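Examination of the molecular architecture
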Amino acid sequence: MGNVRLGVVGFGKMGSGHSRYVASGLVPGMELGAICDTNEEGRKHAKELYPDVPVYENATQLYESGLCDAVIIASPHYDHPALSIEAFAHGLHVLTEKPAGVYTKQVLEMNEVARRSGLLFGIMYNQRTNPVYKKVKDLIESGELGELKRISWVITNWYRPQSYHDSASWRSTWKYEGGGALINQNPHQIDLWQWMFGMPDRIHAFAKFGKFYDIEVEDEVTAYFEYDNGVTGTYITSTGEAPGTNRLEIACDRGRIIVENDRITFDRNVVSEREFNASFTGPFGFPECWKCEIPVMGEYEGHPGILKDFTNALKNGTPLLAPGEEGILGLTISNAIHYSAWTGKMVDCHDFPHDHFYELLQDRIRESKVK
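Now for a quick tour of the structure. Treat the numbers as computed from the prediction; the structure is a model and nothing was measured.

Helix length check: helix α11 (residues 327–343), at 17 residues, gives a terminal C-alpha distance of 24 Å against a target of 24 Å (1.5 Å per residue), a fit within 8%. With 14 of 17 residues buried, α11 is to be regarded as a mostly interior element. Among the residues trailing α11, Gly344 stands out with phi positive, at a value near 75 degrees.

Structural data, given as structure tokens:
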């Protein structure tokens with residue numbers, strides 16, 4: 001095929017950014033086919049920047065224009081599944097922004113429609129292009145770390161002042177955004193967790209809603225993850241800490257991995273802990289340990305990297321780095337954290353109560369301050 005003609009659905013911060021990447025030539029083999037935005041100011045801005053690109057008032061007009069082979073969904077969170085489903089119905093390939101949706105029920109439906117369509121479906125998990133996390137994933141899958149024991153990720157460098165929350169009426173509300181730190185700032189890290197370590201089997205979580213700000217959604221979370229194989233994990237995030245931290249620690253049989261400041265440090269046991277434990281006879285002791293700096297090769301391509309990957313998949317049939325169907329995994333973790341915080345219960349991630357979660361979310365939408 002020739003150049004992939006991309007339709008951009010939503011010309012806000014993300015949509016305008018994706019348009020810029022494509023129009024400036026950062027995505028070989030892809031060109032701007034059309035843009036749509038329901039907001040008049042967004043349409044006006046798009047026309048000023050790209051006078052030769054057709055601009056439409058809504059997604060349906062763009063889908064019916066015949067000017068696009070694929071679309072990227074860059075609309076508000078709740079609309080991602082519905083707009084994706086409509087695009088598939090028009091025979092268009094879909095790349096959706098994160099999160100896949102706000103609640104699992106709508107994303108499960110989207111995934112089923114995508115599967116039946118036979119069309120390409122991707123999600124903008126651009127952190128998967130980060131060579132730091134790709135290296136961590138490789139270390140785990142290669143067996144270099146041995147068996148994992150415990151994972152801890154503290155990511156609190158998402159500081160947002162009250163003025164951020166006040167900058168738009170839809171921000172930080174159940175009705176329009178569907179959550180706070182988990183649904184807005186953290187989808188990438190939650191996806192990276194399951195991408196590197198697999199889906200937790202159970203989650204027990206605690207969250208504070210409007211602890212630091214005049215908002216109705218969560219701004220602080222502490223979650224406990226449990227795996228059937230004995231691995232445990234903690235995930236701590238907040239938008240109310242300055243300065244914040246981004247530190248991932250992985251305890252394993254061969255030592256400990258620390259990821260911080262885009263560096264990977266491996267405190268590597270010369271002999272695995274389990275082997276040492278089985279043979280050591282003294283009252284006190286521990287394995288000899290070397291501090292190793294793990295080299296990280298490659299460039300972090302971010303959003304353009306996912307756009308290039310999507311284009312290559314369309315043109316050459318290569319597998320996607322971030323298949324759209326996998327958006328349900330990170331969203332299940334996010335929903336499970338909310339559900340556990342609301343109910344005080346341990347949540348089974350493999351038998352998630354999709355319907356009850358949806359009911360509890362609707363309760364919060366009805367109680368929302370925003371009308």
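It is worth spelling out the packing of aromatic side chains at this point. Under the counting rule described, the total for this entry stands at 16 aromatic pairs. Both rings, one in Phe11 and one in Tyr50, keep their centres 6.4 Å apart while their planes meet at 90 degrees; by these two values the pair is edge-to-face. Placement of Phe11 in the loop between β1 (4–9) and α1 (13–23) and of Tyr50 in the loop between α2 (40–49) and β3 (55–56) is noted, with a sequence separation of 39 residues between them. A single burial state applies to Phe11 and to Tyr50, both of which are buried. Relative to Phe352, the ring of Tyr339 lies with its centre 6.0 Å away and its plane at 70 degrees, an arrangement referred to as edge-to-face. Of this pair, Tyr339 sits in helix α11 while Phe352 sits in the loop between β15 (347–348) and α12 (354–366), and the two are 13 residues apart along the sequence. Put simply, the rings of Tyr133, Trp153, Trp193, Phe197, Phe225 and Tyr235 touch in pairs and so form one group of aromatic residues. Cation over ring: Arg20 sits above Tyr21, and NZ or CZ is 5.5 Å from the ring centre. Its guanidinium or amino end placed over the ring of Tyr164, Arg160 lies 5.3 Å from that ring's centre, counting from NZ or CZ.

A few words now on the sheet that holds strand β2 (residues 30–36). Strand order in this open sheet of 6 strands is β3-β2-β1-β4-β5-β6, and the pairing throughout is parallel. The sheet is open, and its two edges are formed by β3 and β6 (121–123), each paired on a single side. Strand direction decides the pairing type here: strand β5 (residues 93–96) and β6, joined by 3 bridges, are parallel. Looking at β6, one finds that Leu95 is bridged to Gly122. Here helix α10 (residues 302–316) sits on the sheet and contacts β1, β2, β4 (70–73), β5 and β6; the angle it forms with β5, its principal contact strand, is near 165 degrees.

The next point concerns the pattern of salt bridges. Applying the stated criterion across every chain, the model contains 21 salt bridges. For the salt bridge of Glu273 with Lys149, the shortest nitrogen-to-oxygen distance reads 2.7 Å. Residue Glu273 is located in helix α9 (residues 273–279), and its partner Lys149 is located in strand β7 (residues 148–155); the two are separated by 124 residues in the primary sequence. Classification of Lys149 by relative accessible area gives partly exposed; the value is 33%. Residue Glu293 is joined to Arg263 by a salt bridge in which the shortest nitrogen-to-oxygen separation is 2.9 Å. Within this pair, whereas Glu293 is found in strand β14 (residues 289–294), its partner Arg263 is found in strand β13 (residues 263–269), the two being separated by 30 residues in sequence. On the basis of relative accessible area, Arg263 is assigned to the partly exposed category, the value being 48%. In this structure, a network of salt bridges that share partners links the residues Arg150, Arg247, Glu249 and Glu260.

Criteria and thresholds
Residues numbered from 1 in each chain as written. Predicted model: local features only at pLDDT ≥ 70, side-chain atom pairs only at ≥ 80, totals over all residues. Heavy atoms only, no water. Helix = DSSP H or I, 4+ residues; strand = E, 2+ residues; numbered from the N terminus. Expected span 1.5 Å × (residues − 1). Buried < 20%, exposed > 50% of the residue type's maximum accessible area, 1.4 Å probe, protein only. Phe/Tyr/Trp six-rings, centres within 6.5 Å; stacked < 30°, edge-to-face > 60°. Lys NZ or Arg CZ within 6 Å of the ring centre and 35° of its normal. Pairing = 2+ DSSP bridges. Contact = heavy atoms within 4.5 Å. Axes fitted to C-alpha atoms, helices over the stretch in contact; angles between N-to-C directions. Salt bridge = Lys/Arg side-chain N within 4 Å of Asp/Glu carboxyl O.

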